[in-house]
Amino acid sequence: MKEAMFYERKAGDTVKCGLCRFRCLIPSGKRGICMVRENQGGTLYTLVYGKAIAEHVDPIEKKPLFHVLPGSRSYSIATVGCNFRCLHCQNYAISQPSGGTLEIMGTELSPEEIVANAKRSGCASISYTYTEPTIYFEYAYDTAVLARAAGLKNIFVTNGYITPEALSQIRPYLDAANIDLKGYSDRFYKEVVHAMLQEVLDSIVEYKRQEIWIELTTLVIPNWNDSDADLEGIARFIAGKVGIEVPWHVSQFYPTYKLLDQPRTPLATLDRARQIGKNAGLRYVYEGNVPGSQGEHTFCPECGELLIHRTGYITASKLAEGKCGRCKFAIDGIWL
């Protein structure tokens, strides 16, 4: 165990965690919503430091990040635990408590070993992903500091519930994030995610304010967040509050975990979502989980030239130092 960052001691050995936007008030002997931070006699500990439940070498496009070092590989790690309770969680076996508890599993893997493994594997970045990186912040932070010194980029794949003070702490070492904007109604976030929409919207704006490159992902679920009102709301929010240069990934849902009563997202719905994004003025809107779709490609927003062709992952690129090879328009992102 390691003493946690971002907490305050309160009366009676209670502590208030300041890592995520739930800001849990945790009595002694109890854990926060994430199930991996425990108060022991007035001291808050992280239970997952150095305990990796997953480690893989992934294409950067899998995160998905389409405007960060395209074609490169990212060393991806996770611990158990999450601060959300999504009914459609794809990694529920390692993120969600069972029977009200969460077993702290994982293989001992130090930040130094992660960085060494990433370098040895030829990766250009380290991604903190699969579960929620915010809840293993101390582990990610120590790794990110070493990774930056070793010339590697650092990436969060996140639900967007980190507090501004925690984000500011890791900001000097965090290069990019893919943030899930899971829906655009309070009802969806309350019933499907068990969180608050406004907190996520505020967090997305905070990432942008702190000048971290972001891409947003919405898993489009039939009858839950696929209405024109929902999709247009997200598109308007991105264009008006975040920036038209921020890529929006609209991805296909398939039934999983506790959300088994809805069908796989029709391709026509993703096409509609993509068009809604483009109509709102967004430069880059992508369709995810549908290899072979035209919606996977990157086109120049200025002249329409096909710049990056993808079938699942990157297959060909016409970018020249981050610019369109035809009209020289500067394409937004982090390029090799």
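Refer to the structure presented above.
Now for a quick tour of the structure. (Residues numbered from 1 in each chain as written. Predicted model: local features only at pLDDT ≥ 70, side-chain atom pairs only at ≥ 80, totals over all residues. Heavy atoms only, no water.)

1. Thoughts on the environment of Ser 293
Its location among the elements puts Ser 293 in the loop between β16 (285-288) and β17 (298-299). Classification of Ser 293 as buried rests on a relative accessible area of 15%. For Ser 293 and Thr 311, which are 18 residues apart along the polypeptide, the C-alpha to C-alpha distance reads 7.6 Å. A polar side-chain atom of Ser 293 sits 3.1 Å from a polar atom in the side chain of Glu 287. (Helix = DSSP H or I, 4+ residues; strand = E, 2+ residues; numbered from the N terminus. Buried < 20%, exposed > 50% of the residue type's maximum accessible area, 1.4 Å probe, protein only. Polar contact = N/O pair within 3.5 Å; in protein donor to acceptor, adjacent residues only side chain to side chain.)

2. Remarks on helix α5 (residues 186-193)
Along α5, the positions that sit buried rather than exposed are Phe 188, Tyr 189, Val 192 and Val 193. All buried residues of α5 fall inside an arc of 100° around its axis, so they share one side. Exposed positions of α5 whose direction lies more than 90 degrees from the buried face are Asp 186 and Lys 190. Lining the buried residues of α5 we find β13 (176-180) and α6 (197-209). A positive backbone phi angle near 70° is found at His 194, which sits one or two residues after α5. (Arc of directions from axis to C-beta. Contact = heavy atoms within 4.5 Å.)

3. Topic: the state of the cysteines
For the coordinates displayed, the defined rule picks out 0 disulfides. Free cysteine: Cys 324, not disulfide-bonded; nearest cysteine sulfur from Cys 303 at 3.7 Å. Of the cysteine sulfurs around Cys 327, a residue in no disulfide, the closest is that of Cys 300, at 3.6 Å. Overall, the relative accessible area of 31% leaves Cys 327 in the partly exposed class. (Disulfide = S-S within 2.5 Å.)

4. What to know about the nonpolar core
Soluble globular proteins tend to pack their nonpolar side chains together in the buried interior. Among the nonpolar cores identified, the biggest contains 84 residues, and Tyr 207 and Trp 248 are the most heavily contacted of them. Aside from chain neighbours lying at most four places away, what touches Trp 248 is Leu 216, Thr 218, Leu 231, Ile 234, Ala 235, Ile 238, Ala 273, Gly 277, Leu 282, Tyr 284, Val 285 and Tyr 286. Membership of the second largest hydrophobic core comes to 10 residues, among which are Tyr 286, Cys 300, Ile 308 and Cys 324. (Core = buried A, V, L, I, M, F, W, Y, C linked by side-chain atoms within 4.5 Å.)

5. Looking at unusual backbone geometry
Leaving glycine out, the prevailing phi sign among residues is negative, and the prevailing peptide bond configuration is trans. Cis geometry is adopted by the peptide bond preceding Pro 64, which originates at Lys 63 and carries an omega value of -10°. Along the polypeptide, Pro 64 turns up in the loop between β8 (54-59) and β9 (73-78). Look at Asp 13: it is not a glycine, yet its phi comes out positive at around 65°. Taking relative accessible area as the criterion, Asp 13 reaches 41% and is therefore assigned partly exposed. Phi is positive for Leu 69, which is not a glycine, with a value near 45°.

6. Some remarks on the side chain of Thr 265
Residue placement: Thr 265 occurs in the loop between β15 (248-252) and α8 (267-279). On the basis of relative accessible area, Thr 265 is assigned to the buried category, the value being 2%. One polar contact links the side chain of Thr 265 to the main-chain amide nitrogen of Phe 253, over a distance of 2.8 Å. In this view, Thr 265 contacts Val 220, Pro 222, Ser 251, Gln 252, Phe 253 and Leu 270; residues no more than four positions away in its chain are not counted.

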